[in-house]
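Summary of structural features
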Amino acid sequence: MPALDCYADAETLFLNVRFIVTVESTALPGVLLITPARFGDHRGFFSESWNRQRMVENGVDIDFVQDNHSLSREVGTVRGLHFQSPPHAQAKLVRCGKGSLFDVAVDIRKGSPTFGRWIGEELSFENGKQLLIPAGFLHGFVTREPDTEIIYKCSDYYSPECDGAVRFDDPDIAIDWNMGDVAAVLSDKDTAAPFLKDFDSPFVYEG
Ligand SMILES: Cc1cn([C@H]2C[C@H](O)[C@@H](COP(=O)(O)OP(=O)(O)O[C@H]3O[C@H](C)C(=O)[C@H](O)[C@H]3O)O2)c(=O)[nH]c1=O
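How each quantity is defined
- Residues numbered from 1 in each chain as written.
- Predicted model: local features only at pLDDT ≥ 70, side-chain atom pairs only at ≥ 80, totals over all residues.
- Heavy atoms only, no water.
- UniProt positions renumbered as here; feature names shortened; annotations may be inferred.
- 1 Å grid on protein atoms, 1.4 Å probe; cavity = no way out; pocket = protein on both sides within 12 Å on 5 of 7 lines; lining within 4 Å.
- Helix = DSSP H or I, 4+ residues; strand = E, 2+ residues; numbered from the N terminus.
- Contact = heavy atoms within 4.5 Å.
- Points joined across faces, edges and corners; volume = space filled by probe spheres on them.
- Buried < 20%, exposed > 50% of the residue type's maximum accessible area, 1.4 Å probe, protein only.
- Pairing = 2+ DSSP bridges.

Per an unreviewed UniProt entry, the protein carries the name dTDP-4-dehydrorhamnose 3,5-epimerase and comes from Shimia thalassica. The UniProt entry for the protein carries the following text under Function (unreviewed entry): "Catalyzes the epimerization of the C3' and C5'positions of dTDP-6-deoxy-D-xylo-4-hexulose, forming dTDP-6-deoxy-L-lyxo-4-hexulose."

Written out as C-alpha cells, the structure is:
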C-alpha cells in the first residue's frame, strides 16, 4: 500500500490513490506515456511530476541522477537526435515546462524488432504529459511555440565523450515532424550529425 498522507480526508485519499499517475504503453515497446494527475483549485493546480514509488508500482524502477532544463526561443527549434553511448547510456523522462513540443524516440538497439522505428508525442505545459525513453533510443524534439522549455530526468550523468547524434531528417528513419513550412533551427552539432546507416550503433537489443 503506497505511503499516503495520513491527514488527508477520505475523498482526497481516494483521489490520490486512484488517479495520481496514468502510465500508457506506446507503439514503440519500452517507450511509455506518463500523465501525472493535476489537483486543481481556484489558485491553479498541483501535480507530483515525479514520484519514484508510484512509478515502481507501475513497473518503472529507474534511478534518475540528473535533471536537465533547456529553453528554445524559436518555433521549429530541433534538438536531437541524441544519445549517450554505454557505459553512460541515459534513460530519460521528458516533460514540457512551458509552451509545447513534439518529442520523438527512435529505437537504435541492434537486433531489436523495432530497430530504426520512431514514435512521437505532443508534450505541452497544458497537457502535462511525459515521455519515458529507455537507454538505447535516440531522443529529439521540435518546438511548436516560442520560448518553449523542456525539463527531463536522466539516468546517468552527462558524459561528453559518450555523446552521439543522428540527423533529425534521416530519410531511413523518416520522422514526420509535421513542421509545415517552418524551417528547422539547429545547432552546428546537429547539422553535422550522420545518418543512422553511416555509423555502428553502440546498443544491442537484449529482449
Ligand atoms: C546535454 C548536456 C549539455 N551540457 C552542456 C554542453 C553544451 O555546452 C551545452 C549545450 O549542449 P547541447 O548543445 O548538447 O544541448 P542539446 O542540444 O539540448 O542536447 C540535449 O538535447 C537532447 C534532446 C537530449 O536528449 C540530450 O539530453 C542532449 O543531447 O550544455 C551539459 O553541461 N550537460 C548536459 O547534460
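From this point, the narrative continues.
**So, the UniProt feature "active site" (unreviewed entry) in the protein**
Taken from the UniProt record, the annotation "active site" (unreviewed entry) applies to His82 and Tyr152. Across 71 residues, the annotated set stays spatially compact, with a maximum C-alpha separation of 13.6 Å. If you take the residues mentioned a moment ago, the ones lining the second largest cavity come down to His82. Structurally, His82 can be placed in strand β6 (residues 78-84). For His82, the residues in contact, after removing those within four places along its chain, are Lys92, Phe137, Leu138, His139, Gly164, Ala165, Lys189 and Asp190.

**Focus on the layout of surface pockets**
Within this model, the largest pocket holds a volume of roughly 350 Å³. Along its surface, the largest pocket is lined by 18 residues, and Asn68, His82, Lys92, Tyr152 and Lys189 are the ones closest to its centre. Of all the secondary-structure elements, those providing two or more residues to the lining of the largest pocket are β5 (66-72), β6 and β12 (137-143). Of all the elements, β6 adds the most residues to the lining of the largest pocket, at five residues.

**So, unusual backbone geometry**
Cis geometry marks the peptide bond from Gly80 to Leu81, where omega comes out at 5°. Tracing the backbone shows Leu81 in strand β6. Geometrically, the link from Pro86 to Pro87 is a cis peptide bond, its omega value of 10° lying close to zero.

**Some remarks on the environment of Glu161**
In this structure, Glu161 sits in the loop between β13 (148-154) and β14 (163-165). Take Glu161: its relative accessible area is 62%, and that puts it in the exposed class. Considering only alpha carbons, one finds Glu161 and His88, 73 residues apart in sequence, at a separation of 9.4 Å.

**A few points about the pairing of β13**
Of all the seven residues making up β13, six are buried; the element is thus mostly covered by neighbouring parts of the structure. In this structure, β5 lies alongside β13, joined through seven bridges in antiparallel fashion. When the bridges of β13 are listed, Leu71 appears paired with Glu149. Sheet analysis places strand β7 (residues 92-98) next to β13, joined by six bridges and oriented antiparallel. Bridged to Arg95 within β13 is Ile151.

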